[in-house]
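Coordinates in review
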Amino acid sequence: KKKKKLTTNTMIGQASKVVKQLTKRAIVNSQLTRGYVPPPTGKPSKNFTIQREDTAWADIPNPYIDDAPEDVFEPQHLDSKKKITLTISNQSYWVVKFEKVMEIEMVTFDEGRLGILPCHADGVYRLEPHVMKVKYSEERTDRWWIAGGLGFVYWFGPVHITGFASFKLEELDPELIQKELDICKEKMRTPNPDLRDFHQVGVTCYERMLEGFKEMEAESM
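Summary of the structure given here. Nothing here was measured: the structure is a model prediction, and the numbers come from that model.

A separate point is the pairing of strand β4 (residues 112-116). Sheet topology note: the strand β3 (residues 103-108)/β4 ladder contains 5 bridges and is antiparallel. Within β4, the residue paired with Ile-104 across the bridge is Ile-116. Hairpin connection of β3 to β4: 3 residues between the antiparallel strands.

Shown next, in the form of structure tokens:
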């Protein structure tokens, strides 16, 4: 019998579920554990009514367009003071909005590990379920668990990460991660090859999370 190949969609779908029970106990009853992250202000997004079809786009504020240079073909020079404008959304809700950062390191299906600096070439990237590093300054680097998604990079500054589930690594409990990792490894003993592949996704995701924690500990020493 021919073995089915684990598709990218299946991998991402499983990866978006593995963080469900991994948040720290202090916030276990919050909306984070249900995969819903509201805007930090707690206020719903404003609805915009389109008055005329021919000017519809003008009625919707778009910071990506507002920040773009007047002549997109004009040569640009790398400014050491220039920063990336980062937005991270968790499906329909943003968790980071227009924050200025120095550097982003993401892992993609097609390009592998990818570093993003100001004036990076335009691109749309399929993100692997992996830890993403966000460097704000020499003193601060945050790590996010992105359970797959898309990364949109604009050369004039904005970077938008759309994740199926997006959590700061520090929001997760490494003890729970290790526990779930052991459970997945045990379930991989099944004779069913499809289930083995399915649980392999969990093993891969949990191991990547723990690697992220080890990096955090090493940097803090």
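Let us look at the environment of Thr-162. Along the polypeptide, Thr-162 turns up in strand β7 (residues 158-163). When the C-alpha positions of Thr-162 and Tyr-93 are compared, they lie 9.3 Å apart, and in sequence the two are 69 residues distant. Once you skip the residues sitting within four places of it in the chain, Thr-162 turns out to touch Ser-89, Gly-148, Gly-149, Leu-150 and Phe-152. Of the polar contacts made by the side chain of Thr-162, one reaches the side chain of His-160; its length is 3.4 Å.

With that out of the way, let us pick up helix α4 (residues 193-220). In an α-helix, one full turn covers 3.6 residues, which means residues spaced three or four apart are oriented alike. Given a rise of 1.5 Å per residue, 28 residues ought to cover 40 Å, and the 41 Å separating the end C-alpha atoms of α4 matches this to within 8%. Two or three places before Asp-194, at the start of α4, stands the capping residue Asn-192, its side-chain oxygen 2.9 Å from that residue's backbone nitrogen.

This part is about helix α3 (residues 174-187). If you check α3, its first and last C-alpha atoms are 20 Å apart, about what 14 residues at 1.5 Å a residue would give, namely 20 Å. When α3 is considered as a whole, its buried residues turn out to be Leu-176, Ile-177, Leu-181 and Cys-184. One side of α3 carries all its buried residues, which in axial view fall inside an arc of 140 degrees. Opposite the buried face of α3, at more than 90 degrees from it, the exposed residues are Glu-175 and Lys-179. As for α3, its buried residues are in contact with α4. Where α3 begins, the side chain of Asp-173 points an oxygen toward the backbone nitrogen of Glu-175, at a separation of 2.9 Å.

So, about the pattern of salt bridges. Taken as a whole, this structure holds 10 salt bridges when the rule is applied. Lys-135 serves as the salt-bridge partner of Glu-138, at 3.4 Å between the closest nitrogen and oxygen. Residue Lys-168 is joined to Asp-142 by a salt bridge in which the shortest nitrogen-to-oxygen separation is 3.4 Å. Placement of Lys-168 in strand β8 (residues 166-168) and of Asp-142 in strand β6 (residues 141-153) is noted, with a sequence separation of 26 residues between them. Taken as a pair, Lys-168 and Asp-142 share a single burial class, namely buried.

Looking now at the packing of aromatic side chains. Two aromatic rings are characterised by how far apart their centres lie and by the angle between their planes. Tallied over the full model, the rule gives 2 aromatic pairs. Centre to centre, the rings of Trp-155 and Phe-156 are 5.8 Å apart; their planes meet at 90 degrees, and the pair counts as edge-to-face. A residue is classified by how much of its surface remains accessible, and Trp-155, at 16% relative accessible area, is buried. The buried category is assigned to Phe-156, whose relative accessible area is 14%. Among the aromatic residues, ring-to-ring pairing joins Tyr-154, Trp-155 and Phe-156 into one connected group. Above the face of the Tyr-136 ring, Arg-140 is positioned so that its terminal group lies 3.7 Å from the ring centre.

Cut-offs and rules
Residues numbered from 1 in each chain as written. Predicted model: local features only at pLDDT ≥ 70, side-chain atom pairs only at ≥ 80, totals over all residues. Heavy atoms only, no water. Pairing = 2+ DSSP bridges. Helix = DSSP H or I, 4+ residues; strand = E, 2+ residues; numbered from the N terminus. Contact = heavy atoms within 4.5 Å. Polar contact = N/O pair within 3.5 Å; in protein donor to acceptor, adjacent residues only side chain to side chain. Expected span 1.5 Å × (residues − 1). Buried < 20%, exposed > 50% of the residue type's maximum accessible area, 1.4 Å probe, protein only. Arc of directions from axis to C-beta. Salt bridge = Lys/Arg side-chain N within 4 Å of Asp/Glu carboxyl O. Phe/Tyr/Trp six-rings, centres within 6.5 Å; stacked < 30°, edge-to-face > 60°. Lys NZ or Arg CZ within 6 Å of the ring centre and 35° of its normal.

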